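Here is how the chains run, residue by residue.
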Amino acid sequence: MKRVGTQLRAEIMLVLRNGEQLLLTLVIPVLLLTFFSLVDVLPTGTSTPVEFLAPGVLGLAVMSTSMVSLGIGTGFERSYKVLKRLGTTPLGRGRLVGAKAASVMAVEVVQFALLVGVAVALETGLIVPVVRQADEKSVLALARAIADVADRARTKKLSPDEVHGGTFTITN
């Protein structure tokens, strides 16, 4: 386990050293969320564009992190002539891939915290309502409940109980 931790630390340090990766994984998603939340150019269908944009930008950030880590990281390893040496690592392939996957997850956790923080800090804010007893509802009942709380969130008619007690509760 110590070797995997050492490899994970090395992978995270490599991400922090590559400006291209930081630009694509942290800076561009924040700029997209901020710009399109403040400028009325997208037909979001809501009075608060951040509610429409935040989930999409989070999804984009996850996909870009995975692809950038794979593409740019492998490119740097190849240019530094490290790729051949990784094949003979004492970790073995499974642990090496596990450390690389864990470093991607670490970057995604930072992205999530950063993007949700930006979404909440924007003037229009971000409201995350809670659907109670979701595990007991059918798919149709769950869709109706989600549509109901989403509509009431857009019209600012939620009670404090409906935004409290979820997995993540974020307020301004």
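Use the structure listed above.
A. Quick peek at the environment of Ile28. Along the chain, Ile28 falls in helix α2 (residues 19-38). Taking relative accessible area as the criterion, Ile28 reaches 32% and is therefore assigned partly exposed. C-alpha of Ile28 to C-alpha of Val57: the two residues are 29 residues apart in sequence and 9.8 Å apart in space.

B. Molecular detail of the side chain of Thr25. The residue Thr25 is located in helix α2 in this model. Residues within four places of Thr25 in sequence aside, it is in contact with Thr65, Val68, Val107 and Gln111.

C. Looking closely at the packing of helix α1 (residues 2-17) against helix α5 (residues 93-121). The N-to-C vectors of α1 and α5 enclose an angle of 50°; their axes lie 8 Å apart at closest approach. Taken together, the axes of α1 and α5 lie oblique to each other. α1 and α5 meet at a crossing whose hand is right-handed. For the pair α1 and α5, contact is made by Val4, Gln7, Leu8, Glu11, Ile12 and Val15 and by Arg95, Leu96, Ala99, Lys100, Ala102, Ser103, Ala106 and Val107, respectively. For the contact of α1 with α5, the per-class residue count stands at nine nonpolar, two polar and three charged.

D. Examining the nonpolar core more closely. One finds Val30, Leu33, Val50, Leu53, Ala54, Val57, Ala61, Leu115, Val118, Ala119 and Leu122 forming the largest nonpolar core, which totals eleven residues. Elements that contribute at least two residues to this core include exactly α2, α3 (49-79) and α5. Sort the elements by how many residues they give to this core and α3 lands first, with five residues.

E. Highlighting the packing of aromatic side chains. Here the structure, examined in full by the defined rule, presents one aromatic pair. Here the aromatic rings of Phe35 and Phe36 are separated by 5.0 Å at their centres, their planes lie at 80°, and the arrangement is edge-to-face. Judged by its relative accessible area of 44%, Phe35 falls in the partly exposed class.

F. Seen up close, the packing of α2 against α5. Running from N to C, α2 and α5 cross one another at 25°; their axes reach a closest spacing of 10 Å. In terms of orientation, α2 and α5 fall into the roughly parallel class. The way α2 lies across α5 gives a crossing that is right-handed. Mapping the contact onto sequence places Thr25, Leu26, Pro29, Val30, Leu33 and Thr34 in α2 and Val107, Val110, Gln111, Leu114, Leu115, Val118 and Ala119 in α5. Grouping the constituent residues of the contact of α2 with α5 by class yields ten nonpolar, three polar and no charged.

Rules behind the numbers
Residues numbered from 1 in each chain as written. Predicted model: local features only at pLDDT ≥ 70, side-chain atom pairs only at ≥ 80, totals over all residues. Heavy atoms only, no water. Helix = DSSP H or I, 4+ residues; strand = E, 2+ residues; numbered from the N terminus. Buried < 20%, exposed > 50% of the residue type's maximum accessible area, 1.4 Å probe, protein only. Contact = heavy atoms within 4.5 Å. Axes fitted to C-alpha atoms, helices over the stretch in contact; angles between N-to-C directions. Parallel < 35°, antiparallel > 145°, perpendicular 65-115°, else oblique. Left-handed = near helix turned anticlockwise from the far one by under 90°. Nonpolar A, V, L, I, M, F, W, Y, C, P; charged D, E, K, R; others polar. Core = buried A, V, L, I, M, F, W, Y, C linked by side-chain atoms within 4.5 Å. Phe/Tyr/Trp six-rings, centres within 6.5 Å; stacked < 30°, edge-to-face > 60°.

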